Amino acid sequence: MGRRLLAVAATITLLLAPPHHASAASHGKVHTQVSSTRASGALLRNDTGLYPRAIRLSHSGEANGMVVASVVGFDGGGGVGVIYRSADGGQSFHEVGAIHDRAAAGGLCCSSIFELPQQIGTMPAGTLLWSAAIGQNAPNRRMTVSIWTSPDHGVTWSFLSVCRVAGNSGGLWEPELSVNAEGDLVCHYADETEQPRHSQLLAEVFSSDGVRWSNPYHTVAVANAGLRPGMPVVRRLGNGSYYMTYEVCGTGNQYDCAAYYRTSADGANWGDPAGLGTMIRTESGQYFTHAPNLATAGGKLWVVGQQLREPSGAIAAGSGRTVLVNTHTGTGGWAMIGAPVVVPSPANNYCPNYSSSLLPSLDGGRLLEIATDYDGSICKPYYASGPA
């Protein structure tokens, strides 16, 4: 990811860890930004709300169709996972729950939310899982990826397990959950613990019950030690295959932190980890850099990133205003459509249009987006829907 959240004081000021491509010398630098303009759309949360995520329940019986959203917020105890629900397809939201991990006083970052499509261990289909990177500010840092579970669509939460514990002081970031073709729960994450061989890599661990986890397996671990694959997002397509998007930072050229993808037939094997994958581009060569996110419905895929760039590497006029769409299982060129939430001229910063969330309607005709932007000095989430 381009920026990482460290501990947060009771103020709005956020401390950031180094970007994927930064040196350790920038660790702990305070970044602030004040904006006189802000994103379009309605406020999801009138306070700090980072890493927005949205899912539509589809394995929850009478609750199917409900939209559940999450953001990372903060209180006097540190990071908090804040949960919202919408009963009208994303036209309005209300807060219903919160996750307070006791270890989050040492730092909480980059959460995600997932609905189980089938029973895993004792958890029935429809159970919600929330995952986050924990402990980046703790003394003698040994970060973890923690998972919490909700049986009631986001109202109440209980701790489930830790899918990965860092073996050293390197970071673990940006967890993403999926269920593979064999029925195992998969925890994907970005891993900094294998330096200096890999500045950062992507890995996955597996569990048949959500409690006991396998040893890690690399998914993207390139030979160039300076490259930093990060921010994995995984979706299962309608044809049963799996699609992963991620950024690759550390290139030192115009493609630094560009969005890539790779596919898997079974959601476990993603091809040669040493390969970079394939960059996501339009037919005319435009591409996203920083914090890509992915959505799918029917035969369509949508991708959003923080900054849209021209083939030359220049920031495109449509940056912060564009989503890419693909109608052929994510291969080949992508088309540009207007983003439901407009974030004016997003800078390479942890807030504006950073890791925005996309959620298509059931018929694929509409697209809900939750994106963050500064309101004054506070990074807030905004939502809106538009044509897909």
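Residues numbered from 1 in each chain as written. Predicted model: local features only at pLDDT ≥ 70, side-chain atom pairs only at ≥ 80, totals over all residues. Heavy atoms only, no water.

Trainee: Sorry if this is basic, but what is going on with the overall build of the protein here?
Mentor: What the protein contains, in helices and strands, is zero helices and 29 strands. Computed over C-alpha atoms, the radius of gyration of the protein comes to 19 Å, within 12% of the 21 Å expected from 2.2 N^0.38 for 388 residues, which places it in the range of a compact globule. Structurally, the protein occupies a C-alpha span of about 50 × 45 × 45 Å along its principal axes. Split into buried and exposed, the 388 residues of the protein put 60% on the buried side. The contacts in the protein between residues at least 6 apart in sequence include a share of 53% that link residues at least 24 apart. Carbon together with sulfur atoms contributes 51% to the accessible area of the protein, which is approximately 13900 Å² in total. The average position of the 24 basic charges and that of the 27 acidic charges among the side chains of the protein differ by 5 Å. (Helix = DSSP H or I, 4+ residues; strand = E, 2+ residues; numbered from the N terminus. Rg over C-alpha atoms; globule rule 2.2 N^0.38 Å. Buried < 20%, exposed > 50% of the residue type's maximum accessible area, 1.4 Å probe, protein only. Contact = heavy atoms within 4.5 Å. Areas by Shrake-Rupley, 256 points an atom, 1.4 Å probe, with all protein chains shown as cover. Lys, Arg positive; Asp, Glu negative; His and termini not counted. Charge placed at Lys NZ, Arg CZ, Asp CG, Glu CD.)

Trainee: Looking at this model, I keep getting lost on empty space enclosed by the protein. Mind explaining?
Mentor: Gaps left between atoms are located by rolling a probe of water-molecule size over the structure's atoms. Overall, the coordinates contain one cavity of 30 Å³ or more when judged by the stated rule. A volume near 70 Å³ is recorded for the largest cavity. Every residue lining the largest cavity is listed: Tyr51, Arg53, Cys110, Ser111, Ser112, Glu174, Pro175, Glu176, Met231, Pro232, Val233 and Ser355. When residues of the lining of the largest cavity are traced back to their parent elements, those giving at least two are β5 (50–56), β9 (108–115), β13 (172–179) and β17 (228–236). Considering only residue class, the lining of the largest cavity consists of six nonpolar, three polar and three charged. (1 Å grid on protein atoms, 1.4 Å probe; cavity = no way out; pocket = protein on both sides within 12 Å on 5 of 7 lines; lining within 4 Å. Points joined across faces, edges and corners; volume = space filled by probe spheres on them. Nonpolar A, V, L, I, M, F, W, Y, C, P; charged D, E, K, R; others polar.)

Trainee: Looking at this structure, I do not really get the pattern of salt bridges. What am I missing?
Mentor: When charged atoms on two side chains of opposite charge get close, those side chains can pair. Counted according to the given criterion, the structure contains four salt bridges. The shortest N-O distance in the salt bridge between Arg235 and Glu176 comes to 2.8 Å. Of this pair, Arg235 sits in strand β17 while Glu176 is found in strand β13, placing the two residues 59 residues apart along the sequence. Look at Arg235 and you get partly exposed, because its relative accessible area is 26%. Among the salt bridges present, the one from Asp209 reaches Arg212, with a minimum N-O distance of 2.7 Å. For Asp209, a relative accessible area of 15% gives the class buried. Residue Arg212 is classed as exposed on the basis of its relative accessible area, which comes to 61%. (Salt bridge = Lys/Arg side-chain N within 4 Å of Asp/Glu carboxyl O.)

Trainee: Got a minute to help me understand the sheet that holds strand β6 (residues 67–75) in this structure?
Mentor: What links the strands of a sheet is backbone hydrogen bonding, and the strands pair in either a parallel or an antiparallel sense. Taken together, four strands build an open sheet; the order of strands is β5-β6-β7-β8 and the sheet is antiparallel. Only two strands of the sheet have a single partner each, and these edge strands are β5 and β8 (94–99). Across the sheet, the axes of successive neighbouring strands diverge by a mean angle of 25°, strand direction being ignored. When β5 meets β6, the two strands line up antiparallel, connected through five bridges. Its bridge partner lying in β6, Arg53 is registered against Ser70. (Pairing = 2+ DSSP bridges. Axes fitted to C-alpha atoms, helices over the stretch in contact; angles between N-to-C directions.)

Trainee: How should I be thinking about the side chain of Arg141 in this particular structure?
Mentor: Following the sequence through the fold, Arg141 ends up in the loop between β10 (128–134) and β11 (144–150). Buried charge Arg141 goes without a salt bridge, the closest partner of opposite sign being Glu192 at 4.4 Å. A polar side-chain atom of Arg141 sits 3.4 Å from the main-chain carbonyl oxygen of Gln136. (Polar contact = N/O pair within 3.5 Å; in protein donor to acceptor, adjacent residues only side chain to side chain.)

Trainee: I would appreciate a short explanation of the packing of aromatic side chains in the present structure.
Mentor: Pairs of aromatic rings are described using the distance from one ring centre to the other and the angle between the two planes. Throughout the structure, instances matching the rule amount to eight aromatic pairs. Between Trp148 and Phe159 the ring centres are 5.9 Å apart and the planes differ by 80°, which places this aromatic pair in the edge-to-face class. Of this pair, Trp148 sits in strand β11 while Phe159 sits in strand β12 (residues 158–165), and the two are eleven residues apart along the sequence. Aromatic pair Phe206 and Tyr217: ring centres 5.7 Å apart, planes at 65°, arrangement edge-to-face. Taken together, the residues span a long stretch of sequence, with Phe206 in strand β15 (residues 201–207) and Tyr217 in strand β16 (residues 217–220) at a distance of eleven residues. On the basis of relative accessibility, which here comes to 48%, the residue Tyr217 falls in the partly exposed class. (Phe/Tyr/Trp six-rings, centres within 6.5 Å; stacked < 30°, edge-to-face > 60°.)

Trainee: Explain the layout of surface pockets here, please?
Mentor: In this structure, the largest pocket spans a volume of roughly 810 Å³. Lining the largest pocket are 29 residues, with Arg56, Ser58, Arg235, Arg236 and Thr296 sitting closest to its centre. Elements represented by at least two residues in the lining of the largest pocket include exactly β5, β9, β13, β17, β22 (293–297) and β27 (357–360). Among the residues forming the lining of the largest pocket, the class breakdown is 16 nonpolar, seven polar and six charged.

Trainee: Where do I start with the confidence of the model for the protein in this structure?
Mentor: As a general rule, the predicted coordinates of low-pLDDT regions are not to be interpreted in detail. With 91% of its residues at a pLDDT of at least 70, the protein reaches an overall mean of 91. Ignoring residues within four places in sequence, the model shows residues 1–35, a span with pLDDT below 50, making 103 contacts including any to other chains. (pLDDT = per-residue confidence, 0-100.)

Trainee: Would you mind going over the sheet that holds β12 with me for this structure?
Mentor: Here we have four strands laid out as an open sheet, ordered β9-β10-β11-β12, and antiparallel in their pairing. Looking at strand neighbours, the two that pair on one side only are β9 and β12, the edges of this open sheet. With direction set aside, neighbouring strand axes in the sheet form an average angle of 20°. Relative to β10, β9 runs antiparallel, the two being bridged by six bridges. Note on β10: the bridge partner recorded for Phe114 is Leu129.

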